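Architecture and fold: a report
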Amino acid sequence: NAGVMQNPRHLVRRRGQEARLRCSPMKGHSHVYWYRQLPEEGLKFMVYLQKENIIDESGMPKERFSAEFPKEGPSILRIQQVVRGDSAAYFCASSRDGTGADTQYFGPGTRLTVL
Amino acid sequence: QKEVEQDPGPLSVPEGAIVSLNCTYSNSAFQYFMWYRQYSRKGPELLMYTYSSGNKEDGRFTAQVDKSSKYISLFIRDSQPSDSATYLCAMKARGSNYKLTFGKGTLLTVNP
């Protein structure tokens, strides 16, 4: 049973370019979460999605960042016009039902470097 | 005041030692408590999950929750070099019980 898949594992972008990060949840999971880990910081919640719906995007910057989880295909975290401060590790997690007792399983992360 | 405080270490112990890792929190709405282990350049891996005060044991790992003091601990017995990693405490609150709030993590090195 494959775990959470993320690609690419490493992404280098120049300032002003777009970054597109993909996450495929574990089989049987329909809830996806994105977290960001800045250097010397803990993991911070960004957004929670179910299929075709954004449930909570309170942790995501209002500008330049967007997320989707379409009916078919992976969840996408999109960062437009990247800046150096966007350099971080972005982790996706998935879970089965989104309840309090539900367990979130993390992917290996995408490490974004903005030059 | 941060919602979750965790001493970042680093913590270095000899093989076989008992390790104690701790977090404190300020939000009394937190009711689910987790410990994740993160190896360098990898994703977090769930170690322990508790939602009540008291102790929970799994092999060499014991998680302890004291809600009255807003304090959680992870104990590792007979530590091994393979336990060398960053340990992250995480919590979920009533009302937003899908959102994990993490401590900064404690870097542990177990020396052979």
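Preceding block: the structure.
Notes on the structure in this doc start here. (Residues numbered from 1 in each chain as written. Chains lettered and ligands numbered in written order. Predicted model: local features only at pLDDT ≥ 70, side-chain atom pairs only at ≥ 80, totals over all residues. Heavy atoms only, no water.)

What chain A contains, in helices and strands, is zero helices and eleven strands. Of the regular secondary structure in chain A, the N- to C-terminal order runs β-β-β-β-β-β-β-β-β-β-β. Against the globule reference of 13 Å for 115 residues, chain A gives a C-alpha radius of gyration of 13 Å, in line with a compact fold. Structurally, chain A occupies a C-alpha span of about 40 × 25 × 25 Å along its principal axes. Going through the 115 residues of chain A one by one, you find that 46% of them count as buried. In chain A, the share of contacts with a sequence separation of at least 24, taken over all contacts with a separation of at least 6, comes to 53%. Here chain A displays about 5700 Å² of accessible surface, and carbon together with sulfur accounts for 46% of that area. (Helix = DSSP H or I, 4+ residues; strand = E, 2+ residues; numbered from the N terminus. Rg over C-alpha atoms; globule rule 2.2 N^0.38 Å. Buried < 20%, exposed > 50% of the residue type's maximum accessible area, 1.4 Å probe, protein only. Contact = heavy atoms within 4.5 Å. Areas by Shrake-Rupley, 256 points an atom, 1.4 Å probe, with all protein chains shown as cover.)

This brings us to the overall build of chain B. Assigned secondary structure in chain B consists of zero helices and eleven strands. Secondary structure elements of chain B occur, N-terminal to C-terminal, as β-β-β-β-β-β-β-β-β-β-β. For a compact globule of 112 residues, the expected C-alpha radius of gyration is about 13 Å, and chain B comes in at 13 Å, within 12% of that figure. Considering only C-alpha atoms, chain B reaches an extent of 45 × 30 × 20 Å along its principal axes. Out of the 112 residues belonging to chain B, those deemed buried represent 46%.

So, about unusual backbone geometry. The peptide bond linking Asn 7 of chain A to Pro 8 of chain A adopts the cis configuration, its omega dihedral lying at -5 degrees. Along the polypeptide, Pro 8 of chain A turns up in the loop between strand E1 (5–7) and strand E2 (10–13). Looking along the chain, the bond that leaves Gly 9 of chain B and enters Pro 10 of chain B is cis, with omega of 5 degrees. Relative to the helices and strands, Pro 10 of chain B resides in the loop between strand E1 (4–6) and strand E2 (11–14).

Bringing the pattern of salt bridges into the picture now. Throughout the structure, instances matching the rule amount to seven salt bridges over all chains. With its nearest N and O atoms 3.4 Å apart, the salt bridge here joins Glu 57 of chain B to Arg 77 of chain B. On the criterion of sequence distance, the pair formed by Glu 57 of chain B in strand E6 (residues 54–58) and Arg 77 of chain B in the loop between strand E8 (71–76) and strand E9 (85–93) is long-range, its members being 20 residues apart. For Glu 57 of chain B, a relative accessible area of 60% translates into the label exposed. A single network of salt bridges, built from pairs that share partners, joins Glu 18, Arg 20 and Arg 78 of chain A. (Salt bridge = Lys/Arg side-chain N within 4 Å of Asp/Glu carboxyl O.)

Its place among the elements puts Thr 101 of chain B in strand E10 (residues 96–102). Excluding residues within four positions of it along the chain, Thr 101 of chain B makes contact with Glu 3, Val 4, Phe 30, Cys 89, Ala 90 and Met 91 of chain B.

As a further point, take the environment of Pro 108 of chain A. Residue and element names in this part refer to chain A. Looking at the secondary structure, you find Pro 108 in the loop between strand E10 (105–106) and strand E11 (110–114). Given the relative accessible area of 22%, Pro 108 is considered partly exposed. Expressed as a C-alpha distance, the spacing of Pro 108 and Met 26, which sit 82 residues apart in the sequence, is 13 Å.

For the rest of this paragraph, the subject is the environment of His 31 of chain A. Residue and element names in this part refer to chain A. Within the secondary structure, His 31 sits in strand E4 (residues 31–37). Its relative accessible area of 7% is what places His 31 among the buried residues. Separated by 22 residues in the primary sequence, His 31 and Arg 9 have C-alpha atoms spaced 21 Å apart. Sequence-distant contacts of His 31, that is, excluding residues within four places in its chain, are made with Tyr 48, Leu 49, Gln 50, Ala 93, Ser 94, Ser 95, Arg 96, Asp 97 and Gly 98. Here Tyr 48 takes part through its side chain, which lies 2.7 Å from a polar atom of the side chain of His 31. (Polar contact = N/O pair within 3.5 Å; in protein donor to acceptor, adjacent residues only side chain to side chain.)

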